[in-house]
Amino acid sequence: AQKITQTQPGMFVQEKEAVTLDCTYDTSDPSYGLFWYKQPSSGEMIFLIYQGSYDQQNATEGRYSLNFQKARKSANLVISASQLGDSAMYFCAMREGLGTPLVFGKGTRLSVIA
Amino acid sequence: DGGITQSPKYLFRKEGQNVTLSCEQNLNHDAMYWYRQDPGQGLRLIYYSQIVNDFQKGDIAEGYSVSREKKESFPLTVTSAQKNPTAFYLCASSIVGTGPYEQYFGPGTRLTVT
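Residues numbered from 1 in each chain as written. Chains lettered and ligands numbered in written order. Predicted model: local features only at pLDDT ≥ 70, side-chain atom pairs only at ≥ 80, totals over all residues. Heavy atoms only, no water.

### Quick word on the pattern of salt bridges
Using the criterion set out here, one finds six salt bridges over all chains in the structure. Note that A:D26 and A:K73 form a salt bridge whose closest N and O atoms lie 4.0 Å from each other. You can see A:D26 sitting in the loop between β4 (24-25) and β5 (32-39) and its partner A:K73 sitting in the loop between β8 (64-69) and β9 (74-79), a full 47 residues away along the chain. In this structure A:D26 comes out as partly exposed when scored by relative accessible area, which is 38%. The residue B:K71 makes a salt bridge to B:D30 at a minimum N-O spacing of 3.5 Å. Of this pair, B:K71 sits in the loop between β7 (64-66) and β8 (76-78) while B:D30 sits in the loop between β3 (19-25) and β4 (31-37), and the two are 41 residues apart along the sequence. (Salt bridge = Lys/Arg side-chain N within 4 Å of Asp/Glu carboxyl O. Helix = DSSP H or I, 4+ residues; strand = E, 2+ residues; numbered from the N terminus. Buried < 20%, exposed > 50% of the residue type's maximum accessible area, 1.4 Å probe, protein only.)

### Focus on unusual backbone geometry
Residue B:S7 is joined to B:P8 through a cis peptide bond whose omega torsion reads -10°. As for its placement among the helices and strands, B:P8 is situated in the loop between β1 (4-7) and β2 (10-13). Phi at A:A81 takes a positive value of approximately 45°, unusual for a residue other than glycine. If you trace the backbone, A:A81 turns up in the loop between β9 and β10 (88-96). Among the residues examined, A:A81 registers a relative accessible area of 38% and is labelled partly exposed. Phi at B:N53 is positive, roughly 65°, even though this residue is not glycine. Tracing the backbone through its elements, the reader meets B:N53 in the loop between β5 (43-51) and β6 (54-57). The class of B:N53 is exposed, set by a relative accessible area of 62%.

### A closer look at the interface of chain B and chain A
The interface is formed by 23 residues belonging to chain B together with 20 residues belonging to chain A. Scanning the region where chain B abuts chain A turns up zero salt bridges. Viewed at the interface, chain A and chain B are joined by six residue pairs in polar contact (both at pLDDT 80 or more). The set of elements that each furnish at least two residues to the side of chain B that touches chain A consists of β4, β5 and β9 (87-94) of chain B. The element that contributes the greatest number of residues to the side of chain B that touches chain A is β5(B), accounting for four residues. (Contact = heavy atoms within 4.5 Å. Polar contact = N/O pair within 3.5 Å; in protein donor to acceptor, adjacent residues only side chain to side chain.)

### Observations regarding the pairing of strand β6 (residues 46-52) of chain A
Residues and elements named next belong to chain A. Where burial is concerned, most of β6 is hidden: five out of the seven residues are buried. Sheet topology note: the β5/β6 ladder contains six bridges and is antiparallel. Bridge pairing in β6 links W36 to I49. Here β5 hands over to β6 after six residues, with G43 in that stretch at a positive phi of 100°. (Pairing = 2+ DSSP bridges.)

### With respect to the environment of A:Y50
Along the chain, A:Y50 turns up in strand β6. Distance from A:Y50 to A:E61, taken between C-alpha atoms, is 9.1 Å for residues eleven residues apart in sequence. Leaving out residues up to four positions away in the same chain, A:Y50 has contacts with A:Y32, A:G33, A:L34, A:F35, A:D55, A:A59, B:G99 and B:P100.

### A look at the sheet that holds β3(B)
Residue and element names in this part refer to chain B. Read from one edge of the open sheet, four strands run β1-β3-β8-β7, paired in antiparallel fashion. The open sheet has two edge strands with one neighbour each: β1 and β7. With strand direction ignored, the average angle separating the axes of adjacent strands in the sheet is 20°. One ladder, built from three bridges, connects β3 with β8; its direction is antiparallel. By the bridge assignment, T20 is partnered in β8 with T77. (Axes fitted to C-alpha atoms, helices over the stretch in contact; angles between N-to-C directions.)

This is the structure in structure tokens:
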């Protein structure tokens, strides 16, 4: 079974609008972390935001926020005020337990339109 | 500047040849990882290591080998047994532990085997 599911292969958003990228996860471990990464066409992986399973508040980092709904096992990324430079692949990932590798979803390609 | 270096950026090989991809980090991280990415796909774990002289297989280890003789270095060998080696290879490192310890990624190596 897939541990991380990203159901949107591609998304379009108008510049300056907000966009939500979906991510659902599957784990029975009570301690886990959720991560979002951005991958521009250059191929580098850029860390955006982290949410721990015990965190009470949704994580925010500048224009990025994570809509964490633990009971629904979802960790959607919200990008506010989209910019042309936000066009990229976005990956949701999860770490279970202590020091294990991240497991990645298949990603969502976001295209920002002027 | 601390970071992860991968070399070369592009690599071309003939079928049947083994090839070694380099990964070096100066972040003093204990854990290092190798992922493979195919076009339009997420990252799949090949091998990871949490300590020198020890490493674990990931989901797609067949046809690959690694070594971890130094903390800073985690080279990946793509052997002739790997049936479909053409892909983008990403190396990463991280602190070992729970919490917001993201994986830092190198710039990647694009391997083409013909």
